[in-house]
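What the coordinates show
Each chain, letter by letter, is given below.
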Amino acid sequence: MVKHSPVNIVPGLYPIDAGTAEISEDPFTPGCWLLTLNGAESSQLNPDQPTVLGFEYMRWIAAVIGHRFTTDTALKVLHLGAAGCTLARWVTALYPKAHQVAVEYDAGLAALARDRFGLPRAPALKIRVAEAGEVLAAGYPDTRDVIIRDVFADDDDGRPTTPAHLTGIQPAEHAARQLGAHGVYLVNYGGGPGMADALVEQAALAEVFAHVLAIADPAMFKGRRRGNVIFACSQAPLTSTALGGEPALTRALLSDPVPAQLRHVSPPSPGRTRL
């Protein structure tokens, strides 16, 4: 049985290395809490029901994992970006044999998560204070089943943006090396209308991985708003036929409270890149 640290959630402001973290009650979901970092919502914390995810992009990531790996799999998961470790708690709840490493650059935030959020204890979950790009580059071949990239820092305009050194072909190659022939790389892209950066990102991923899926709601795909796109990448097909295959994943995404579409990303060709 996986051992957890005690839940000790106390609302308030907490100093972290990069500024301030705030824990507050979720006004829309009784019993849940919001973790806000420097004014931007980062994680929803659900102490009693870790399998219930409040943010749609996390549910989309969970749907991919759940349609690729059976729950008795001893998953080896690397989280690039830890924050409140909401997805790590979800993995442990559904995959009790999993071993996870969550990389968080902010030591103060990592300590807050350990102390307050009832996280699984090592070896089920280890929190490593380090720079995500360095950890990704230094990983050994064929050592991970899942890598989740969910790293953001404020750009010059104060908007959360993935640091440039974690985007492009080289980081994708580092991820592919660790994942080998069957692992899954899950990328949370967040950006504004227009989708230009998302197109660059998907082209880089499609250069490295044989199978790439893009998941988002229709308005995001049309470039009408700021939001999230999940890119799911692997050298093997991304769904298991034993778990219903792609039709089951498609149905799960469409039945989400924020319905999402699934699109195949083709390898880039000169002068043609689109979602």
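Up top is the structure.
What this report covers is the structure whose coordinates are included nearby. (Residues numbered from 1 in each chain as written. Predicted model: local features only at pLDDT ≥ 70, side-chain atom pairs only at ≥ 80, totals over all residues. Heavy atoms only, no water.)

1. Points about the packing of helix H5 (residues 169-179) against helix H6 (residues 196-208)
- Where H5 contacts H6, the axes come no closer than 9 Å and their chain directions differ by 40°. When the interaxial angle is binned, H5 and H6 end up oblique. Classified by chirality, the crossing of H6 by H5 is right-handed. Contact residues: H5 offers Ile169, Ala172, Glu173 and Ala176, while H6 offers Ala204, Leu205, Glu207 and Val208.
- Its residues assigned to classes, the contact of H5 with H6 shows six nonpolar, no polar and two charged. (Axes fitted to C-alpha atoms, helices over the stretch in contact; angles between N-to-C directions. Helix = DSSP H or I, 4+ residues; strand = E, 2+ residues; numbered from the N terminus. Parallel < 35°, antiparallel > 145°, perpendicular 65-115°, else oblique. Left-handed = near helix turned anticlockwise from the far one by under 90°. Contact = heavy atoms within 4.5 Å. Nonpolar A, V, L, I, M, F, W, Y, C, P; charged D, E, K, R; others polar.)

2. Brief notes about the pattern of salt bridges
- Here the structure, examined in full by the defined rule, presents three salt bridges.
- Close ionic contact of Arg59 with Asp256 constitutes a salt bridge, the shortest N to O distance being 2.7 Å. Linking Arg59 in helix H1 (residues 56-66) with Asp256 in the loop between helix H8 (245-254) and strand E14 (261-264), this pair joins segments that are 197 residues apart in sequence.
- By relative accessible area, which is 10% here, Asp256 ends up buried.
- For Lys76, the salt bridge identified is with Asp145, shortest N-O distance 3.5 Å. With Lys76 in strand E5 (residues 76-80) and Asp145 in the loop between helix H4 (132-138) and strand E8 (146-149), this pair connects stretches of sequence that are 69 residues apart. (Salt bridge = Lys/Arg side-chain N within 4 Å of Asp/Glu carboxyl O. Buried < 20%, exposed > 50% of the residue type's maximum accessible area, 1.4 Å probe, protein only.)

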